[in-house]
Amino acid sequence: INEHYKRQSHLGKIAERTIGYEKVDELGNYMRIGLEGAYSEYLSGKSGSRLMQKIADGQWKPIRSYYEREPVQGYDVHTTIDTQIQDAVHHELLYQLEKYEADHGTMIVMETKSGKVKGISNLARTSKGKYYEKLNYGIWESQEPGSTFKLMSLIAALEDGAVSPKDSVDTGNGVLKFYNEEVKDSNKRGYGVITVSKAFEVSSNVIAPTIHDVYKSNPNQFLSRLEKFGLTKPLGISLSGEPSPKVSRPGSKIWSGISIPYMSIGYELEQTPLQTLNLYNSVANNGRMMQPQFVQEVRNGSKVVRSFPPVALDEKICSISTINKVKSCLVGVMEDGTGKDLKSVEFKIAGKTGTVK
C-alpha cells in the first residue's frame, strides 16, 4: 500500500494568504504561512510510526499491517471567515484591480460588534496582467493613510474642544502655505468659506492649518490623542507579520514645523489597512475598539478545545458626543461629498475617501 498526501482547499486560491499554506524557504526550511502557521500547534497532530523493510529498487514495505504508534489527527480550526462574503470580497477586489490595472490591492470586511474578519482578499498583478494572492497586504503593508487619517485628526480636535463641525473655515484658493511648503486641495480653485463638516465631506486639506493652530505649541498633545486611539502600537492579531505603526515624533530626523499639518492629512506616519480599518470600526461601534479576530474556536470533532471570545482593546476611545459628530460627517461624505457616487437608495453608508501621493 502506498499512501499519498495532498493539500487541498475547497476555496481554491481564494484567501490563500490568510488561510495559509506551507512553503520551503531559500535555506530549505519549511515555513507555515497565515492561520496555518499561527495555529500549527493545533493543526499538526502527531505522526504515527510503523516498522518498514527495505526491498528491491529502493522500495519499502510495512512488516506489519498496523502502526507501532497510531497517528493522532490534528484539531480543526474554525475561522471567522464567511465563505459567501469572502467570495464577494475576492471578486469585487479583482474587478476593481482589473478595471484600473492596479499593481496590487486589499479588501477587508470586519464585523463591527465583535471584530471578526468575515472576508479578506489580497491580490497582486503578474507581468501577464493576471492577479493572485501574492502577499497579505492588508496585514503587513504599512503605508501613509492619506485623507482617511483626517477622521483621526477631526476626532482629536473635537475631543480637545478646539473645533465644532459648524465652525466656518476659509479654504482660500485651494493652496495652503506652511513655511516654504504648500498643501493643495484637489479643487484648485478652493471652496471658499465652508463649515468644518463640509470641509471633511469634500476632503479639503483645510484641516491641516486648523490642527496646526491647535497643536503647534504642544505637539505631544496631538500625539497623545493618537496613542489614546490605539494608533501607535500594533493590534496584536494572531497572524504574524503585523508591523508597528510609524508615527513622526519631535526630535526625530524628519520632524519639522510642518509635521503636525502633514500628519493631520495622513502623511509622516504609516499604518496597515487593517489598522486604519480598525479605527473606523471603532467609530461605527460607538467608540469601543475591538481586536480583529480571524479564528472563533478550535475543535476536536464536536468537542471545543479552545474558544476565542471577542476582545475589546479599548472600551471608549473618545466621548459619545464626538462619535456622533464624526458619524454625521462620515455620512455626509457618502451623500454629498467625495463618496457620493457610491450613495445607495437601499441603505445609508458612512465612510471616507482617501488618496496618497
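Fair warning: this is a prediction, and the values are worked out from it, not measured in the lab.

Draft legend 1. Structural view of unusual backbone geometry. Of note in this structure, D57 is not a glycine but carries a positive phi near 60°. In this structure, D57 sits in the loop between β3 (52-54) and β4 (60-62). A residue is classified by how much of its surface remains accessible, and D57, at 75% relative accessible area, is exposed. Positive phi outside glycine occurs at N286, with the angle close to 60°. Inspection of the secondary structure assignment puts N286 in the loop between α11 (273-284) and β15 (289-290).

Draft legend 2. Layout of the nonpolar core. Formed by 47 residues in total, the largest nonpolar core has its most connected members in L151, L154, F222, F229 and L279. Sort the elements by how many residues they give to this core and helix α6 (residues 150-159) lands first, with seven residues. Setting aside its immediate chain neighbours within four residues, L279 contacts L151, M152, F229, L231, M289 and I317. Among the nonpolar cores identified, the runner-up in size contains 17 residues, and L235, I237, L274 and V298 belong to it.

Draft legend 3. Quick peek at the packing of α11 against helix α12 (residues 320-336). Here α11 crosses α12 at 110°, and the two axes come no closer than 9 Å. If you check the angle between α11 and α12, you find them roughly perpendicular. Along the contact surface, α11 presents Y280, V283 and A284, while α12 presents I323, V326, K327 and L330. Grouping the constituent residues of the contact of α11 with α12 by class yields six nonpolar, no polar and one charged.

Draft legend 4. The arrangement of the side chain of N278 in detail. Within the secondary structure layout, N278 lies in helix α11. Assessed through its relative accessible area of 1%, N278 is described here as buried. Here M290 takes part through its backbone oxygen, which lies 3.0 Å from a polar atom of the side chain of N278. Not counting residues up to four positions away in its chain, the partners in contact with N278 are M110, L235, M289, M290, P292 and L313.

Draft legend 5. Local environment of the sheet that holds strand β6 (residues 104-110). Within the open sheet, the three strands sit side by side as β6-β7-β8. Their pairing is antiparallel. For this open sheet the edge positions go to β6 and β8 (131-132), each flanked by a neighbour on one side alone. Relative to β8, strand β7 (residues 117-125) is paired through two bridges, and the arrangement is antiparallel. In the strand pairing of β8, A124 is matched with Y132. Against the sheet, helix α4 (residues 83-100) makes contact with β6, β7 and β8, and its axis sits at roughly 30° relative to β7, the strand it touches most.

Draft legend 6. Broad picture of the pairing of strand β10 (residues 175-178). Along β10, the buried face is formed by L176 and F178; none of V175 and K177, which line the opposite face, is buried. Alignment of β10 against strand β11 (residues 181-184), held across four bridges, turns out to be antiparallel. The residue bridging K177 from the neighbouring strand is E182, located in β11.

Draft legend 7. A look at the pairing of strand β17 (residues 303-307). As judged from the four bridges shared by strand β16 (residues 295-300) and β17, these two strands associate in the antiparallel manner. For R299, the partnering residue across the bridge sits in β17 and is V304. The turn linking β16 back onto β17 is made up of two residues, and G301 within it adopts a positive phi angle of 70°.

Draft legend 8. Focus on the side chain of E268. With respect to the helices and strands, the residue E268 is situated in the loop between α10 (259-264) and β14 (269-270). Buried within the structure, E268 lacks any salt-bridge partner; R249 is the closest side chain of opposite charge, at an N-O distance of 11 Å. Among the polar contacts made by the side chain of E268, one reaches the side chain of S259 at a distance of 2.8 Å. Once residues within four sequence positions are removed from consideration, E268 is found in contact with E144, K246, V247, S248, I254, I258, S259, Y262 and M263.

Draft legend 9. Representation of the state of the cysteines in the model. Under the counting rule described, the total for this entry stands at zero disulfides. For C318, which is in no disulfide, the shortest distance to another cysteine sulfur is to C329 and amounts to 12 Å. On the basis of relative accessible area, C318 is assigned to the buried category, the value being 4%.

Draft legend 10. View of helix α9 (residues 219-228). Every buried residue of α9 is accounted for by P219, F222, L223, R225 and L226. Mapping the buried residues of α9 onto a view down its axis gives an arc of 150°, with all of them on the same face. On its buried side, α9 packs onto α6, α8 (207-215), β13 (246-247) and α10. Note on α9: the residue one or two positions beyond its end, G230, has a positive phi of about 75°.

Draft legend 11. Structural view of the sheet that holds strand β5 (residues 76-79). Strand order in the open sheet formed by three strands is β5-β16-β17, and the pairing between neighbours is antiparallel. Strand pairing shows two members of the sheet lacking a second neighbour, β5 and β17, which therefore form its edges. Taken over all neighbouring pairs, the strand axes of this sheet differ in orientation by 30° on average, direction set aside.

Reading the values: the criteria
- Residues numbered from 1 in each chain as written.
- Predicted model: local features only at pLDDT ≥ 70, side-chain atom pairs only at ≥ 80, totals over all residues.
- Heavy atoms only, no water.
- Helix = DSSP H or I, 4+ residues; strand = E, 2+ residues; numbered from the N terminus.
- Buried < 20%, exposed > 50% of the residue type's maximum accessible area, 1.4 Å probe, protein only.
- Core = buried A, V, L, I, M, F, W, Y, C linked by side-chain atoms within 4.5 Å.
- Contact = heavy atoms within 4.5 Å.
- Axes fitted to C-alpha atoms, helices over the stretch in contact; angles between N-to-C directions.
- Parallel < 35°, antiparallel > 145°, perpendicular 65-115°, else oblique.
- Nonpolar A, V, L, I, M, F, W, Y, C, P; charged D, E, K, R; others polar.
- Polar contact = N/O pair within 3.5 Å; in protein donor to acceptor, adjacent residues only side chain to side chain.
- Pairing = 2+ DSSP bridges.
- Lys, Arg positive; Asp, Glu negative; His and termini not counted.
- Salt bridge = Lys/Arg side-chain N within 4 Å of Asp/Glu carboxyl O.
- Disulfide = S-S within 2.5 Å.
- Arc of directions from axis to C-beta.

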